[in-house]
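Chains, contacts and geometry: an overview
Residue strings, one per chain:
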Amino acid sequence: QVQLVESGGGLVQAGGSLKLSCAASGRLFRINSMGWHRQAPGKQRELVATITSGGSTDYADSVKGRFTISRDNAKKTVYLQMNSLKPEDTAVYYCNADVWRLDILRSSNYWGQGTQVTVSS
């Protein structure tokens, strides 16, 4: 079992910045990739950014050039630096991890509880 805990959400004015963190904990797993998804009220959950353990990244078109995903493999932590925030970025942001379970030799996917990001205009 893997637990993901997000932090860093809050209220910020348009044009401002926030940095989210997500730490994975547990035992007998290796992270393949981690990422961030978000869900705004009345909207479907969408992928924001992902990063592999090797550092390859992908971003949703809506956040390219504004958000940066990074990771600390030793700490099993992923970050999302969000700059030039817009009201449409308002959502609950969820951390996601795809891991290799060393105990069962299978990959598994886990989700955090989410952290609220609110951007005011």
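Relevant structure appears above.
Here we summarise the structure given alongside this text. Chains are numbered independently. Their residues run from 1 in the order of the written sequence. With the structure being a predicted model, the display of local features is reserved for residues of pLDDT at least 70 and the display and counting of side-chain atom pairs for 80 or more, all residues being used for whole-chain, interface and lining totals. To get the side-chain values, take all heavy atoms of the structure and skip hydrogens and water.

**Examining the nonpolar core**
Judged by nonpolar contacts, the single largest core of 30 residues is most densely connected at Leu4, Met34, Trp36, Leu80, Met82 and Tyr93. Among the elements of the structure, strand 1 (2-7), strand 3 (18-26), strand 4 (29-39), strand 5 (46-52), strand 7 (67-72), strand 8 (77-82), strand 9 (91-101) and strand 11 (115-120) are those that each provide at least two residues to this core. Counting residues per element, this core draws most heavily on strand 9, at five residues. Grouping buried Ala, Val, Leu, Ile, Met, Phe, Trp, Tyr and Cys residues that are joined through side-chain atoms within 4.5 Å yields what is termed a nonpolar core. Three labels apply to residues, based on accessible area from a 1.4 Å probe with only protein chains included: buried if under 20% of the type maximum, exposed if over 50%, partly exposed otherwise in between. Helical segments are the DSSP runs of H or I of at least four residues, strand segments are the runs of E of at least two, and each set is numbered from the N terminus.

**Focus: the state of the cysteines**
By definition, disulfides here are pairs of cysteine sulfur atoms that lie within 2.5 Å. Counted under the stated rule, the structure contains one disulfide. Between the sulfur atoms of Cys22 and its disulfide mate Cys95 the distance is 2.0 Å. One quick way to see it: the torsion about the S-S bond of Cys22 and Cys95 is about -85 degrees, and its sign makes the bridge left-handed. Of the two residues, Cys22 is situated in strand 3 and Cys95 in strand 9; the sequence distance between them amounts to 73 residues. Per residue, the accessibility class of Cys22 equals that of Cys95, and both read buried.

**Re the packing of aromatic side chains**
A pair of Phe, Tyr and Trp rings is counted when the ring centres sit within 6.5 Å of each other, with Trp represented by its six-membered ring. The angle between the planes then sorts it: under 30 degrees is stacked, over 60 is edge-to-face, the rest tilted. This model, assessed by the stated rule, comprises zero aromatic pairs. A cation over a ring is seen here: Arg45 above Tyr94, with NZ or CZ 3.7 Å from the ring centre. For a Lys NZ or an Arg CZ to count as sitting over a ring, it must be within 6 Å of the ring centre and within 35 degrees of the ring normal.

**Some remarks on the pairing of strand 10 (residues 106-111)**
Sheet analysis places strand 9 next to strand 10, joined by six bridges and oriented antiparallel. Following the sheet pairing, Asp98 is matched in strand 10 by Asn109. Taking the residues between adjacent antiparallel strands as the criterion, strand 9 and strand 10 are bridged by four residues, where Leu105 takes a positive phi near 55 degrees. Any two strands between which DSSP finds at least two bridges are classified as paired.

**Overview of the environment of Asn109**
Along the chain, the position of Asn109 falls in strand 10. Taking C-alpha positions, Asn109 is 11 Å from Cys95, a pair spaced 14 residues apart along the chain. Contacts of Asn109, omitting those with residues within four sequence positions, involve Asn96, Ala97 and Asp98. Between N or O atoms, a polar contact is any pair within 3.5 Å; within protein, one atom must be a potential hydrogen donor and the other a potential acceptor, and residues adjacent in sequence are included only when both atoms are from side chains. A polar side-chain atom of Asn109 sits 2.6 Å from a polar atom in the side chain of Asn96. Engagement of the side chain of Asn109 in a polar contact is seen with the side chain of Trp111, the distance being 3.4 Å. In this description, contact between two residues means that some pair of their heavy atoms is separated by no more than 4.5 Å.

**Description of the side chain of Glu6**
Considering the arrangement of structural elements, one finds Glu6 in strand 1. For the charge count, each Lys or Arg is scored as positive and each Asp or Glu as negative, with His and the chain ends excluded. Definition used for salt bridges: Asp or Glu carboxyl oxygen within 4 Å of a side-chain nitrogen of Lys or Arg. Of the side chains with opposite charge, Arg45 comes closest to the buried, unpaired Glu6, at an N-O distance of 7.8 Å. Looking at Glu6, its side chain comes within polar contact range of the main-chain nitrogen of Cys95, at 2.8 Å. Here Gln113 takes part through its backbone nitrogen, which lies 3.1 Å from a polar atom of the side chain of Glu6. Not counting the four nearest positions on each side in its chain, Glu6 is found in contact with Ser21, Cys22, Trp36, Tyr93, Tyr94, Cys95, Gly112, Gln113, Gly114 and Thr115.

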